[in-house]
Amino acid sequence: TSTSTSTSVSIPEYSFTPDGWLIYRDYEYLLLGGNGLSAKRKFRVASAECRKKYGAILSPIRDVEEHEYLSLYIYQTYGPMRLWLNGKILASNTLPTVVWQNDGSVFPFTSTPFIAEEPSRREFENCVEMIVEGTRPQKRGWADMYCIRRRAFLCRRIPTQTSTSTSTSTSTSSSISTSTNIDADLIDFGIGTSTGWMVFNGWEYWYSTGDFQLTFAAASRHCIDLGGSLTPISSYLHNQVMIKLVLTSISPDVREVWLGGIFDSKFHEQFTWVDESEIKVGLFGLLGLTSSQDISELPGNGRCLALNVRFRSGELDGSWSAKRCKRKRSFICRRPFTIP
């Protein structure tokens, strides 16, 4: 009778902060919505709740080891469950790809732990959920799901000053402070070299406000005269930061803002940034920017890229559309930041 503890899966020794967050490597995690349907949330609401209540983000997964650790913890602590992760599916003609919304990074498909017959790739099943049904690895995986379904959800935050370091993590404060896996609401702009310019990530930005609107071509020339260009967008986080810049400056009637993207024709066949920046894979239509699956399917019958800053059903839009270039709109300029 002395062999009663034999199991097929080893149980890790979990460590927690004083306020109940699980410590793993250089982040802390909290599962919400695991105690009944009333606590479950739609994808966008779950993301907002992580941000607004906890200063956190809906959790991405960095690698297979992190998936194994967190999914096993969830099953052993809460039992079978379905929960939202911070990913959306990039559909393609070959292999579907998971793109994390917090920073636009891509999880390699060859390593993605989708369960059998997933992702289904049915229309509008764009959001990534984790399914945990047992201790065996094949019982713990991912699937694509309609974003309006209600699920439990996993929040992730940067360790706080009051967190206890009882785990084996060796992360340092410097590595945490330089992480890009943060939400735009947690970012404070620096002061630029000229009045009205704000600094973010090595660049400074200027928003023209709703009182100063130009056509796309005139706005582009104005930015060049200021030593920069209409801003490109490099990630989901970058897009969110630009929304924050606009919302802290505008009058409520401004709804569309020129960005530095343009198509070569009204058929949306070739897209470029005006400053010739690299077009990031997985950026368009995948990270909450639009409901489309490809940049060529952006709504609108124009050639010039606009950021939609408006509220729909109480939630901020933040999507993109292709607008007629001769319409006058406010705009955002970007130029390199140099320390005076």
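Model, not experiment: these values are computed from the prediction.

This part is about the overall build of the protein. A tally of regular secondary structure across the protein gives 5 helices and 21 strands. Burial status across the protein gives 50% buried among its 340 residues. Restricting to contacts in the protein with at least 6 residues of sequence separation, those with at least 24 account for 71%. Summing over all exposed atoms, the protein offers an accessible surface of approximately 17,100 Å²; the carbon and sulfur share of this is 51%.

What follows is about the pairing of strand S5 (residues 81–90). Across the 10 residues that make up S5, a large majority, 9, are buried. Of the strand pairs in this sheet, S5 and strand S8 (residues 127–132) are connected by 5 bridges, and their pairing is antiparallel. By the bridge assignment, Lys 88 is partnered in S8 with Cys 127. Alignment of S5 against strand S10 (residues 152–157), held across 2 bridges, turns out to be parallel. Bridging from a neighbouring strand, Trp 84 pairs with Phe 153 of S10. Judged from the 4 bridges that link them, S5 and strand S6 (residues 97–100) form a sheet pairing that is antiparallel. If you follow Gly 87 over to S6, its bridge partner there is Trp 100.

For Thr 195, the location among the structural elements is in the loop between strand S11 (190–191) and strand S12 (198–200). Taking C-alpha positions, Thr 195 is 9.1 Å from Trp 206, a pair spaced 11 residues apart along the chain.

A few words now on the nonpolar core. Counting 26 residues, the largest nonpolar core has Ile 61, Ile 74, Leu 83, Val 98, Met 130 and Trp 142 as its most contacted members. Those elements giving two or more residues to this core turn out to be strand S2 (22–24), strand S3 (27–32), helix H2 (64–78), S5, S6, S8 and S10. By size, the runner-up hydrophobic cluster in this structure holds 21 residues, among which are Tyr 207, Val 257, Phe 263 and Trp 320.

With that out of the way, let us pick up the confidence of the model for the protein. For the protein, mean pLDDT is 76; residues scoring 70 or higher make up 69% of the total. Taken as a whole, residues 285–293 scores under 50 in pLDDT and shows 35 contacts with residues more than four places along the chain or in a different chain.

Okay, the packing of aromatic side chains next. Going through the model one piece at a time under the given rule, you end up with 17 aromatic pairs. Geometrically, the ring pair formed by Phe 271 and Trp 273 is edge-to-face, given 5.1 Å between the ring centres and 80 degrees between the ring planes. In textbook terms, an aromatic cluster arises when at least three aromatic residues are bridged by ring pairs, as seen for Tyr 14, Phe 16, Tyr 24, Tyr 69, Tyr 73 and Tyr 78. The positively charged end of Arg 156 is found above the aromatic ring belonging to Tyr 27, 3.7 Å away from the centroid. Between Arg 329 and the ring centre of Trp 258, over which it is positioned, the NZ or CZ distance is 4.8 Å.

The tally for this structure, following the rule as stated, stands at 14 salt bridges. Note that Glu 204 and Arg 335 form a salt bridge whose closest N and O atoms lie 2.7 Å from each other. Of the two residues, Glu 204 sits in strand S13 (residues 203–207) while Arg 335 sits in strand S21 (residues 330–336), which places them 131 residues apart along the sequence. Accessibility expressed as a relative area gives 2% for Glu 204, which makes it buried. Two residues, Arg 329 and Glu 256, come together in a salt bridge whose shortest N-O distance is 2.8 Å. Within this pair, whereas Arg 329 is found in the loop between strand S20 (320–323) and S21, its partner Glu 256 is found in strand S15 (residues 256–263), the two being separated by 73 residues in sequence. One salt-bridge network, in which partners are shared between bridges, spans Asp 19, Glu 28 and Arg 157.

This next bit is on the state of the cysteines. Enumeration over the complete set of coordinates arrives at 4 disulfides. Between the sulfur of Cys 50 and that of Cys 155 lies a disulfide, 2.0 Å long from S to S. Between Cys 50 and Cys 155 the sulfur-sulfur dihedral comes to about -85 degrees; the bridge is accordingly left-handed. Here Cys 50 is found in helix H1 (residues 43–54), whereas its partner Cys 155 is found in strand S10, with 105 residues between them in sequence. Side by side, Cys 50 and Cys 155 carry an identical accessibility label, which is buried.

Criteria and cut-off values
- Residues numbered from 1 in each chain as written.
- Predicted model: local features only at pLDDT ≥ 70, side-chain atom pairs only at ≥ 80, totals over all residues.
- Heavy atoms only, no water.
- Helix = DSSP H or I, 4+ residues; strand = E, 2+ residues; numbered from the N terminus.
- Buried < 20%, exposed > 50% of the residue type's maximum accessible area, 1.4 Å probe, protein only.
- Contact = heavy atoms within 4.5 Å.
- Areas by Shrake-Rupley, 256 points an atom, 1.4 Å probe, with all protein chains shown as cover.
- Pairing = 2+ DSSP bridges.
- Core = buried A, V, L, I, M, F, W, Y, C linked by side-chain atoms within 4.5 Å.
- pLDDT = per-residue confidence, 0-100.
- Phe/Tyr/Trp six-rings, centres within 6.5 Å; stacked < 30°, edge-to-face > 60°.
- Lys NZ or Arg CZ within 6 Å of the ring centre and 35° of its normal.
- Salt bridge = Lys/Arg side-chain N within 4 Å of Asp/Glu carboxyl O.
- Disulfide = S-S within 2.5 Å.

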